[in-house]
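Spelled out, the chains give:
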Amino acid sequence: MTIHAAIPMLDFDPDAGDTPHVFSFSTITDDRGWFVESMPAHTGDLFEVKQANTSCSRAGVFRGLHWQDGTAKYVSCVSGQIVDYVLDLRLKSKTFGCYSSVTLPGHGPASSQVSAIFVPAGFAHGFLAEQDSVVSYLQSQPYCEETARRVNVDSPHLSQLRASLPVKPIRSAADITAPAFDIRQAPNLLTAMEIPDV
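Reading the values: the criteria
- Residues numbered from 1 in each chain as written.
- Predicted model: local features only at pLDDT ≥ 70, side-chain atom pairs only at ≥ 80, totals over all residues.
- Heavy atoms only, no water.
- pLDDT = per-residue confidence, 0-100.
- Contact = heavy atoms within 4.5 Å.
- Helix = DSSP H or I, 4+ residues; strand = E, 2+ residues; numbered from the N terminus.
- Buried < 20%, exposed > 50% of the residue type's maximum accessible area, 1.4 Å probe, protein only.
- Core = buried A, V, L, I, M, F, W, Y, C linked by side-chain atoms within 4.5 Å.
- Polar contact = N/O pair within 3.5 Å; in protein donor to acceptor, adjacent residues only side chain to side chain.

1. Topic: the confidence of the model for the chain
Phase 1 of the analysis: When pLDDT is averaged across the chain, the result is 80; 78% of the residues are at 70 or more.
Phase 2 of the analysis: Segment residues 1–12 is flagged for pLDDT under 50; beyond a separation of four residues in sequence, or across chains, it makes 42 contacts in the model.
Phase 3 of the analysis: Taken as a whole, residues 191–198 scores under 50 in pLDDT and shows 19 contacts with residues more than four places along the chain or in a different chain.

2. Brief notes about the environment of Ala148
Phase 1 of the analysis: Tracing the backbone through its elements, the reader meets Ala148 in strand 13 (residues 148–150).
Phase 2 of the analysis: On the basis of relative accessible area, Ala148 is assigned to the partly exposed category, the value being 26%.
Phase 3 of the analysis: Distance from Ala148 to His66, taken between C-alpha atoms, is 7.4 Å for residues 82 residues apart in sequence.
Phase 4 of the analysis: Contact partners of Ala148, with chain neighbours within four places excluded, come to Trp67, Gln68 and Tyr143.

3. Things to note about the nonpolar core
Phase 1 of the analysis: In terms of nonpolar packing, the biggest core is built from 17 residues, with Leu65, Tyr85, Leu87 and Leu161 touching the most fellow members.
Phase 2 of the analysis: When residues no more than four places from it in sequence are discounted, the contact partners of Leu87 are Leu65, Gly97, Cys98, Tyr99, Gly122, Phe123, Ala124, Val151 and Leu158.
Phase 3 of the analysis: If you look at the next biggest cluster of nonpolar residues, it comprises 13 residues, including Leu104, Phe123, Phe127 and Tyr137.

4. Considerations on the side chain of Ser55
Phase 1 of the analysis: Tracing the chain through its elements places Ser55 in strand 5 (residues 51–57).
Phase 2 of the analysis: Given a relative accessible area of 10%, Ser55 falls into the buried group.
Phase 3 of the analysis: Polar side-chain contacts of Ser55 include one of 3.1 Å to the side chain of Tyr137.
Phase 4 of the analysis: When residues no more than four places from it in sequence are discounted, the contact partners of Ser55 are Arg63, Phe127, Ser133, Val134, Val135 and Tyr137.

Written out as structure tokens, the structure reads:
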């Protein structure tokens, strides 16, 4: 597992439910195949799963940055490999406007260690597929079009994050035309939303 930080690193703390953090698991392999515990039991103390999603992305695809009011996520890479990004949108947070990223390898015998990331409410999330990848998302709330939001990764404030991506990542039209994240205007954008305080 590789954790990258382009601007101040968010505190990945497994004991803090309001902070993104990474879980690591060992793959058990024998002549039958392999087995991995992809979500530990104590994760249930962080949030209740209300929806499970799976996406398949070609190498070079970037999905994000997305969030939904009051919704936490638990994200793991089932196959392939992704770089996962989180952006702090909590207005009173010391790391407001900062992002971190972590490489999540896919499950299977090629990875003796696999990882997943817990993304609390109040953080935007996205990932880059470094290989053809299948990604699992568990959510604390069902998808709701009215409260689902996007931030454009081409925003000037996110230039260091953008520089970590391919020159022309494969993106959806909705992500390409998403609003820019301007840290000076962000309070006006976010105050009407259910972003938790710190």
